[in-house]
Each structure stands twice: as C-alpha cells, then as structure tokens.
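Results of the structural survey
The residues making up each chain are set out below.
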Amino acid sequence: MKLSILTLAVTLTAGAAMAGPVAPADVAYTEDGAVEASLSGMAGNVENGSKVMTTKSLGNCVACHQISALSHAPFHGTVGPSLDGVADRWTEAELRGILTNSKLTYEGTVMPAYYVVDGFTRPGNGYTGKAAEGPLDPLLSAQQIEDVIAFLATLKE
Amino acid sequence: MKFKAMTAIAALAVSMPALAFADADDDTLVVNGEIEMITKAAAPAHLADTLDEVISGWHMRSDETQIMQADDFDNPGMIFVEQAMDDWNTVNGEKGKSCASCHGDVEESMTGVRAVYPKWNDSKETVYTMEMQINDCLTDGMGAEAWKKSGAKMARMEALISVQSRGMPMNVAIDGPAEATWELGKELYYTRTGQLDLSCASCHEENYGNHIRSDHLSQGQTNGFPVYRLKNAKLTTAHGRFKGCVRDTRAETYKPGSDEFIALELYVASRGNGLSVEAPSVRN
C-alpha cells in the first residue's frame with residue numbers, strides 16, 4: 001500500500017516537471033473552439049485511438065458515428081455524421097476542440113464533451129444512477145484524446 | 001379476458017414491407033385480429049411547433065418483436081396480466097376486501113381508465129398516477145399494505161387495468177389544475193442531465209429514427225407501458241424506463257414515484273395523446 005502510493009506520488013511529480021497533461025479547466029481554446037496544443041504534451045497512438053473509439057466504456061464514438069475503417073466493430077450508430085474523410089474537413093487543432101468540448105464548435109450538439117468536468121446538471125457516479133462522489137474525471141484522459149486524434153488524422157479520402 | 005386463438009389472422013394483420021428503413025416502418029398493428037391500434041397519429045396541438053406526427057415505439061422494433069404483440073398468446077406480458085387478475089379478486093387487508101369488492105368486473109369498471117392517467121385528483125389536490133390511486137385503494141380502501149412503487153405487483157396491476165383500454169387513444173388532460181405539473185414535466189423533458197449532457201429530447205425528439213449503437217431510437221412514448229422487456233423477462237413501468245434513460249446520461253436519477261417522475265409521466269403521456277393504449281407492449 002504505502003509503497004505504491006509513494007511510487008504514484010513520485011510519478012506524478014516527475015510528470016508535472018515534464019509539463020504533463022493540461023487540466024480540463026486550463027485547456028486553451030481558440031475563438032472557434034479549436035485546441036492547438038496536445039493535451040498530454042505527447043503524440044497520440046493510432047491503434048489505441050481506434051480502441052478508445054470502439055470501446056463502450058471509453059469513447060464509444062461508434063455509438064453515434066459510422067466509420068468505415070472501424071467496420072470490424074459492430075453496430076455503428078447514425079446520430080452523428082460519418083467520420084470518413086474527417087481529416088480533410090478539419091485540422092488537428094479543430095478535431096481536438098471537437099473532442100475536448102464539442103459544444104464550442106457545435107452549439108447545442110448532443111455529442112458529449114470528452115474533456116470537461118463541470119457545469120453538469122445532476123452528475124452521476126458513472127452509470128450507477130447514483131450521485132457523483134467528489135470531482136468528476138473527464139470521460140477520456142488527455143492521452144486517450146490524443147490517441148483518438150491520431151486515429152482521426154488517418155481518415156482521409 | 002379475451003384470449004383468442006387467432007394467431008394466423010394476427011400474423012397476416014402485421015404486414016411486413018421488404019424495405020427496412022431507419023425511420024418508423026409502415027406496419028400496422030391489430031391485436032388478436034380485432035383491436036386496431038393507432039400507432040401513428042397527428043401530433044397533439046401542444047407539440048405543433050416540434051413534431052408533425054407521434055409514433056408508437058412499436059414501429060421501431062424488429063418484426064419478430066412486433067409480431068409478439070399482435071396476439072395475446074404470443075405476448076409474454078399477458079402472463080402477468082393473468083396474475084394481476086388473481087390479485088384483483090383476492091381479499092387483502094383489514095377490511096376484508098378485494099379490488100373486485102368495490103370495482104366488480106375489471107373489464108367493465110376499468111375501461112378507459114388508463115387513457116386518461118396521470119390525471120388531477122380533486123380531493124388530494126395533486127396529479128395522480130395510476131400507481132398512486134392503486135396504493136390509495138390498498139391502504140385507505142382495503143386496510144392493506146401499499147405496494148412497492150414500480151414493483152412487480154404494481155406493474156402487473158397497471159397492466160391489467162391498461163388492457164381494458166387497449167386501442168383507445170391516450171387523452172391526458174394538461175390544462176386546468178394539472179398545468180403546473182405538466183409544465184414541470186416539460187421542463188424536465190428538455191433539461192440536459194449527467195456528464196453526457198443529454199435530455200429526453202436529445203434522443204427522443206431530435207434523434208428518433210436514428211440508431212444509438214444497436215438501439216433504434218423511438219419517440220420514447222409511454223402508451224405501451226407497462227411494457228414486457230425481452231431483455232429481463234419482466235414488466236417495466238414508465239418510471240422504471242425513465243430511470244434507466246436518465247442513468248444512461250451518466251446522471252443521478254430521480255426515484256420511481258418521485259414528484260419529478262410523476263410530472264414527467266404526465267408530460268410524456270401528453271406527447272402521446274392520440275396514440276392507442278397498447279399495454280402490455282413487447283420491447284427488447
């Protein structure tokens with residue numbers, strides 16, 4: 001127990017020294033809702049990105065979007081537009097903005113904001129239906145978002 | 001009860017178009033070959049700015065699920081209706097009465113009741129759901145214990161009472177003394193909740209006809225409740241369904257029987273005014 005807490009503390013300090021993930025409240029948005037800098041300070045991993053997008057407990061992007069490159073995952077939804085060719089339509093910074101807080105790009109959208117932790121009505125404790133205990137974690141971590149962006153950047157027509 | 005062996009006729013009544021559109025299909029629902037269901041209707045006046053047509057959730061289900069609802073022998077929800085018939089006739093509580101002691105034959109006395117609930121209760125000066133009325137009958141009328149809100153006994157009694165109105169159009173009153181509750185329900189319907197920040201309208205008004213994963217989104221109408229869900233082989237009440245939907249927005253839900261869900265039940269029911277009472281419908 002003690003040892004692992006110590007290890008964690010050391011890792012966190014080391015991370016901070018390397019200017020690690022920007023906190024949700026500190027994300028710098030452009031006027032149009034784009035985010036220029038990597039949230040984690042690191043590049044994303046394409047393969048992890050596709051995993052995050054198809055995993056129900058993570059991004060679950062396929063619940064709403066069709067993506068031909070992810071056709072191995074079953075049941076793509078139709079609530080959002082197809083993401084094929086999305087990298088031709090948006091820059092990386094714009095894609096990062098859509099993921100981080102979709103509402104700044106699309107007012108009133110039903111797409112969840114994946115890196116926002118406050119301003120919600122009756123936030124729950126995950127999918128338990130109970131009230132949240134303490135501060136919320138973002139739906140995806142900074143690195144997971146970078147991974148998804150790396151994957152989206154491959155979607156060119 | 002009118003359990004009729006008309007499976008073949010009922011099967012014919014459900015016409016199966018070859019095209020599977022994302023939107024509501026064009027099938028028609030005739031139960032037991034005799035009860036013609038209004039599953040699409042012109043939207044009630046209060047929805048004029050929002051929807052042209054109101055559509056039963058039956059249209060969004062697969063042909064296999066749809067057809068189960070066309071005949072009482074194939075509808076697994078009818079088993080619970082039969083059990084509730086026993087409850088109806090069973091003496092319960094200190095006063096030595098059953099439901100039948102006061103209301104006689106359920107097929108006669110309960111016709112039309114489901115179509116107008118929730119409704120304003122003059123003596124209690126509040127909007128009453130059928131569940132609240134049933135629990136009043138149990139405690140005040142019979143001297144018995146109230147049943148658990150949205151519990152199995154309650155759901156099946158609501159189903160039995162609803163069956164007596166099958167085919168009749170939903171017609172809940174939203175004006176007069178019920179208006180404040182209706183307004184609260186409307187506010188809740190459009191309030192985005194949880195970390196996913198979605199309201200009832202996000203899914204059931206803006207996106208009905210679309211798929212979320214494998215789920216074909218309906219208008220979230222309540223005319224079929226309580227519904228039999230194949231997923232857990234039980235009846236689900238409207239409040240039970242609301243709770244699941246709110247939970248799925250990563251929100252803290254309201255409780256079945258809460259003032260919020262009573263108001264939401266009235267409001268959602270009013271969005272289905274004009275659609276036939278279908279309960280117990282079959283859903284996945």
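Residues numbered from 1 in each chain as written. Chains lettered and ligands numbered in written order. Predicted model: local features only at pLDDT ≥ 70, side-chain atom pairs only at ≥ 80, totals over all residues. Heavy atoms only, no water.

Glancing now at the interface of chain B and chain A. Each partner contributes residues to the interface: chain B has 24 residues there, and chain A has 33 residues. Overall, the association of chain B and chain A removes approximately 2400 Å² of surface from exposure, summing both partners, and the carbon and sulfur fraction of that is 52%. Taken as a group, Gln-195, Arg-213 and Arg-250 of chain B account for 36% of the area that chain B buries against chain A, more than any other trio of residues on that side. Counting across the chain B and chain A interface gives 1 salt bridge. Notably, a salt bridge pairs Lys-103 of chain A with Asp-197 of chain B, separated by 3.3 Å at the nearest N-O pair. Our count for the contact surface shared by chain B and chain A stands at 14 residue pairs in polar contact (both at pLDDT 80 or more). Looking at the side of chain B that touches chain A, its residues break down into 6 nonpolar, 10 polar and 8 charged. (Contact = heavy atoms within 4.5 Å. Buried area = accessible area lost by both parts, 1.4 Å probe. Salt bridge = Lys/Arg side-chain N within 4 Å of Asp/Glu carboxyl O. Polar contact = N/O pair within 3.5 Å; in protein donor to acceptor, adjacent residues only side chain to side chain. Nonpolar A, V, L, I, M, F, W, Y, C, P; charged D, E, K, R; others polar.)

Turning next to unusual backbone geometry. Residue and element names in this part refer to chain B. Between Tyr-117 and Pro-118 the backbone carries a cis peptide bond, its omega angle lying at 0 degrees. Relative to the helices and strands, Pro-118 is located in the loop between α5 (106-109) and β5 (119-121). With omega at -5 degrees, the peptide bond leading from Ala-279 into Pro-280 counts as cis. A positive phi angle is found at Glu-125, which is not glycine, with a value near 50 degrees. Secondary-structure assignment places Glu-125 in the loop between β5 and β6 (126-128). Of the residues examined, Glu-125 reaches a relative accessible area of 60% and is grouped as exposed. (Helix = DSSP H or I, 4+ residues; strand = E, 2+ residues; numbered from the N terminus. Buried < 20%, exposed > 50% of the residue type's maximum accessible area, 1.4 Å probe, protein only.)

Here we take up the side chain of Ser-218 of chain B. Residues and elements named next belong to chain B. Looking at the secondary structure, you find Ser-218 in the loop between β8 (215-216) and β9 (227-229). A residue is classified by how much of its surface remains accessible, and Ser-218, at 12% relative accessible area, is buried. In contact with Ser-218, other than residues within four places in its own chain, are Gly-57, Met-60, Cys-203, His-204 and Tyr-208.

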